[in-house]
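Chain and residue survey
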Amino acid sequence: MQDTNANHFDLETLRSNLEYDDSFVSEFLTLLKNEFEVCLVILREELQKENIKKINATAHRIKGTALNGCCKELVVLAATLENTLVFDKAIISDLVEQITSEMAFIKTLIP
């Protein structure tokens, strides 16, 4: 049976990418969670400022983090936000909320 949570966070692929170095995997996962928190703070601040360029840049940062962290669904959400070039508060707020929820779910999957 395929693990449907692997679309959100694929620990086995991450472990493989990090050559099964459990110490490094553990360190990476701590950094991943910390990066999520930092990016969420920035997104919320820039949303209040209605700064689409910094929102796009932060979404790009999240996308890269998600790619490295094997978080497929988060990659899609971050790419969508990154490519939203016109500030529409309702659309941006919804995407930020989806990203926030996805990060929260991923954290429940991280050992």
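Residues numbered from 1 in each chain as written. Predicted model: local features only at pLDDT ≥ 70, side-chain atom pairs only at ≥ 80, totals over all residues. Heavy atoms only, no water.

What follows is about the pattern of salt bridges. Applying the stated criterion to the full structure yields 6 salt bridges. Asp 22 is the salt-bridge partner of Arg 15, the closest N and O atoms lying 3.2 Å from each other. Exposure remark for Asp 22: the relative accessible area of 49% places this residue in the partly exposed category. Salt bridges linked by common partners bring Glu 12, Arg 15 and Asp 22 together as one network. (Salt bridge = Lys/Arg side-chain N within 4 Å of Asp/Glu carboxyl O. Buried < 20%, exposed > 50% of the residue type's maximum accessible area, 1.4 Å probe, protein only.)

Once that is clear, we can look at the side chain of Glu 82. Here Glu 82 shows up in helix 4 (residues 72–82). With residues up to four places along the chain from it excluded, the contact list for Glu 82 reads Asn 56, Ala 59, His 60 and Lys 63. (Helix = DSSP H or I, 4+ residues; strand = E, 2+ residues; numbered from the N terminus. Contact = heavy atoms within 4.5 Å.)

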